[in-house]
Amino acid sequence: QVQVVESGGGLVQAGESLRLSCATSGGTFSSFFMGWFRQPPGKEREFVAAINSGGSSTYYGDSVKGRFTISRDNAKNALYLQMNSLEPEDTAVYYCAARYGNTIRFSESSSYHYWGQGTQVTVSS
């Protein structure tokens, strides 16, 4: 059974940076297409970023383009989300998600097979 675990959330001030990490177990990490989603308080879950299994292609939601960077280290079974220039609007629970195989529907949460429990990111103004 595949398990997904996020880490690295916390409380930061506007303009600061934070890096989230995600690890999987019970599967072949290098075969997973990976994504990050977030759910702000009182709102629906939204797409943040995604990366293909080899790390050669990345995709971003409009609200984070130019500020967030998704990356992966298959040798370490690790996925990262570097978040710079954080804004109060980035406050949310951040989720890591995984699926086997590539997809063009990477921004849809229903495209992913496995999910983590989420990690809270709070940005104060």
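Residues numbered from 1 in each chain as written. Predicted model: local features only at pLDDT ≥ 70, side-chain atom pairs only at ≥ 80, totals over all residues. Heavy atoms only, no water.

Student: Explanation requested: the state of the cysteines in the structure shown.
Tutor: One covalent bond between the sulfur atoms of two cysteine residues makes up a disulfide. For the coordinates displayed, the defined rule picks out one disulfide. Covalent S-S linkage joins C22 and C96, the inter-sulfur distance amounting to 2.0 Å. Looking along the S-S bond of the C22-C96 disulfide, the torsion reads about -80°, which is the left-handed sense. Of this pair, C22 sits in strand β3 (residues 18–25) while C96 sits in strand β9 (residues 92–100); the two residues are 74 residues apart in sequence, bridging distant segments of the chain. Residue C22 shares its accessibility class with C96, and that shared class is buried. (Disulfide = S-S within 2.5 Å. Helix = DSSP H or I, 4+ residues; strand = E, 2+ residues; numbered from the N terminus. Buried < 20%, exposed > 50% of the residue type's maximum accessible area, 1.4 Å probe, protein only.)

Student: Is there a simple way to explain the side chain of E6 in this structure?
Tutor: As for its position among the elements, E6 is in strand β1 (residues 3–7). Of the side chains with opposite charge, R45 comes closest to the buried, unpaired E6, at an N-O distance of 7.8 Å. Only 2.9 Å separates the side chain of E6 from the backbone nitrogen of C96, close enough to count as a polar contact. A polar side-chain atom of E6 sits 3.2 Å from the main-chain amide nitrogen of Q117. Sequence-distant contacts of E6, defined by excluding residues within four places in its chain, comprise S21, C22, W36, Y94, Y95, C96, G116, Q117, G118 and T119. (Lys, Arg positive; Asp, Glu negative; His and termini not counted. Salt bridge = Lys/Arg side-chain N within 4 Å of Asp/Glu carboxyl O. Polar contact = N/O pair within 3.5 Å; in protein donor to acceptor, adjacent residues only side chain to side chain. Contact = heavy atoms within 4.5 Å.)

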